[in-house]
Amino acid sequence: MTSGSILILGGGCFGLTAALELRVRGWKVTLLDSGVLPHPDAASTDISKVVRMDYAADAQHTAMGVLSIERWKAWNRRWGVDLYHEDGFLVMSRDAMTPGGFEHDSFHYLRGLGHTLHHTDAAMLRDNHPVWNADRYPEGYLNPVGGWVESGRVIAMLAQEAREVGIELVEQIQAPWPVLTDGCCHGVKSADGRVWNADLVLVAAGAWTPEMLPHLQNVMWTTAQTVFHFQPSNPGRYRAPQFPVWGADIARTGWYGFPANADGLVKVANHGVGRRVNASDARVIPAGEEERYRAFLRDTFPSLADAPVFSNRVCLYCDTFDGAFWIDHDREYAGLIVAAGDSGHAFKFTPVMGGIIADVVEQKPNAWTQRYRWREPVAVSSDGARAQR
Ligand SMILES: Cc1cc2nc3c(=O)[nH]c(=O)nc-3n(C[C@H](O)[C@H](O)[C@H](O)COP(=O)(O)OP(=O)(O)OC[C@H]3O[C@@H](n4cnc5c(N)ncnc54)[C@H](O)[C@@H]3O)c2cc1C
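Residues numbered from 1 in each chain as written. Predicted model: local features only at pLDDT ≥ 70, side-chain atom pairs only at ≥ 80, totals over all residues. Heavy atoms only, no water.

Undergrad: Looking at this structure, I do not really get the overall build of the chain. What am I missing?
TA: When its secondary structure is counted, the chain shows nine helices and 21 strands. A compact globule built from 389 residues would reach a C-alpha radius of gyration of about 21 Å, and the chain, at 21 Å, matches this within 12%. Here the C-alpha coordinates of the chain stretch approximately 65 × 45 × 45 Å along the principal axes. Residue burial in the chain is summarised as follows: out of 389 residues, 57% are buried. Of the roughly 15100 Å² of accessible surface on the chain, a fraction of 51% belongs to carbon and sulfur atoms. For the chain, the centre of its 36 positive side-chain charges and the centre of its 44 negative side-chain charges are spaced 1 Å apart. (Helix = DSSP H or I, 4+ residues; strand = E, 2+ residues; numbered from the N terminus. Rg over C-alpha atoms; globule rule 2.2 N^0.38 Å. Buried < 20%, exposed > 50% of the residue type's maximum accessible area, 1.4 Å probe, protein only. Areas by Shrake-Rupley, 256 points an atom, 1.4 Å probe, with all protein chains shown as cover. Lys, Arg positive; Asp, Glu negative; His and termini not counted. Charge placed at Lys NZ, Arg CZ, Asp CG, Glu CD.)

As structure tokens, this is what we get:
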């Protein structure tokens with residue numbers, strides 16, 4: 001099918017980019033969200049997200065990262081405001097870089113592609129990035145290409161563009177749900193009885209997707225992660241070039257973070273295993289979590305360890321068994337398409353996601369979609385930066 005009408009459930013980066021791309025291709029698009037966009041509880045809504053091409057030796061995600069970065073720059077020009085900040089990505093290891101390690105494989109793979117990276121040892125870390133405890137990080141590298149994006153503001157921009165191109169954005173709907181019977185998806189119905197119909201329904205509801213589509217719970221589930229925003233008294237010390245986006249032995253510890261933003265807030269988070277939850281559960285910061293963060297800061301960024309917490313939040317991943325996104329026509333319900341399974345690493349790809357999802361909707365060939373197709377659960381990982389314990 002190459003045009004018709006489509007209902008999209010979810011106004012995060014998956015839903016909005018799919019909506020915009022399908023609209024360009026001539027579809028009649030209606031996007032429904034249970035909140036106001038950007039939804040405060042959405043994974044896409046935050047002050048910042050890492051944008052990197054560094055994916056160990058993963059050719060596809062590296063290529064998607066490279067193209068996304070080019071397009072983030074084009075979007076900055078289109079919007080006339082820089083929401084993507086090319087502050088660089090500093091990736092340090094707690095040991096010497098070794099084959100099989102995220103830092104080693106990213107460094108050598110990207111170098112092999114011709115990217116300019118700055119190998120960094122402890123002495124260089126001490127000189128160029130003095131906030132770091134260089135005694136703990138003997139080796140790594142700086143990738144000057146990459147950085148962070150103001151994700152919540154991006155969603156607001158994309159939602160505005162959607163309205164401008166004639167996409168019907170319907171917000172604050174009471175629990176809109178796909179109507180699934182007899183092997184078919186027959187539109188969407190909300191808790192207050194409103195009904196929408198279309199040729200196709202695309203579920204792009206992020207971490208809410210496993211609850212909405214229980215038949216997928218063997219391949220995807222909801223994982224809670226925490227985020228802390230610290231407010232140091234001297235934010236200037238925590239800005240690029242001396243303090244770019246960073247990964248602190250990320251594949252083994254999960255720790256990563258950002259330079260201070262315009263409000264002087266330094267975001268720290270952990271791309272680790274997280275906690276299995278339901279998306280509708282109350283969002284509670286676990287006891288001892290702030291101390292866990294401060295213990296890490298005392299070890300790696302001592303000068304930041306006592307900074308006050310300005311805010312924190314629980315944010316949710318839609319995890320798949322292999323960390324790869326789940327974008328395909330559903331095998332059990334005709335007329336239903338699912339675009340979810342972000343596994344905590346999709347926002348950086350926002351500029352290429354619309355094309356990927358639209359090609360799946362229209363069943364057009366696309367080299368990048370194969371990996372995200374319906375698949376049997378097997379034990380592999382798609383994001384070398386994700387700490388597995
Ligand atoms: C703590 C944390 C840190 C992250 N850091 C990074 C990073 O640094 N770099 C990176 O690339 N990625 C990062 N990610 C991942 C990134 O945020 C996600 O991959 C991406 O935002 C997922 O987008 P989405 O559209 O699938 O989901 P969301 O953005 O969550 O959007 C889903 C939307 O669906 C709506 N919805 C829910 N239920 C319904 C319903 N019944 N009907 C209609 N709408 C509904 C919600 O209101 C929401 O607006 C991080 C994620 C988290 C949680």
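Resuming the write-up.
Undergrad: Please explain the sheet that holds strand β21 (residues 336-340) as it appears in this structure.
TA: The strands making up a sheet associate through hydrogen bonds between their backbones, and the pairing can be parallel or antiparallel. Taken in spatial order, the six strands of this open sheet run β9-β2-β1-β13-β21-β20, and their pairing is mixed. The open sheet has two free edges, formed respectively by β9 (168-170) and β20 (326-329), since each of these has just one partner strand. Sheet twist, expressed as the average angle between the axes of neighbouring strands with direction ignored, equals 15°. (Pairing = 2+ DSSP bridges. Axes fitted to C-alpha atoms, helices over the stretch in contact; angles between N-to-C directions.)

Undergrad: Got a minute to help me understand the site of the ligand in this structure?
TA: Taken together, 33 residues lie near the ligand, and Asp 33, Ser 44, Val 50, Cys 315 and Lys 348 sit nearest. Within the side chain of Asp 342, one N or O atom sits 2.9 Å away from an oxygen atom of the ligand. The separation between an oxygen atom of the ligand and a polar main-chain atom of Phe 347 is 3.1 Å. Bound to the protein, the ligand loses 98% of the 1000 Å² it would expose on its own. Elements that contribute at least two residues to the shell around the ligand include exactly α1 (13-24), β3 (49-51) and β19 (309-320). Of the residues forming the shell around the ligand, the biggest block, three residues, is contributed by β19. A breakdown of the residues in the shell around the ligand according to their chemical character gives 20 nonpolar, nine polar and four charged. (Near = heavy atom within 4 Å. Polar contact = N/O pair within 3.5 Å; in protein donor to acceptor, adjacent residues only side chain to side chain. Nonpolar A, V, L, I, M, F, W, Y, C, P; charged D, E, K, R; others polar.)

Undergrad: Explain unusual backbone geometry to me, please; I cannot follow it from the model alone.
TA: Trans is the prevailing form of peptide bonds, just as negative phi is the prevailing case for residues other than glycine. A cis amide bond links Leu 37 with the next residue in sequence, Pro 38, at an omega value of -5°. Tracing the backbone through its elements, the reader meets Pro 38 in the loop between β2 (28-32) and β3. Cis geometry is found at the peptide bond from Ala 240 to Pro 241, where omega equals 10°. By the secondary structure assignment, Pro 241 is in the loop between β14 (220-230) and β15 (245-248). Of note, Gln 172 is a non-glycine position whose phi angle comes to about 55°, a positive value. Inspection of the secondary structure puts Gln 172 in the loop between β9 and β10 (177-181). The backbone of Asp 249 sits at a positive phi, close to 50°, despite the residue not being glycine. On the secondary structure map, Asp 249 appears in the loop between β15 and α7 (250-253).

Undergrad: Please explain helix α8 (residues 289-300) as it appears in this structure.
TA: In this model, α8 (12 residues) spans 17 Å end to end at C-alpha, consistent with the 16 Å of a helix rising 1.5 Å per residue. For α8, the complete set of buried residues consists of Glu 289, Tyr 293, Arg 294, Phe 296, Leu 297 and Thr 300. In a view along the axis of α8, the buried residues occupy a sector of 160°, so they form one face of it. (Expected span 1.5 Å × (residues − 1). Arc of directions from axis to C-beta.)

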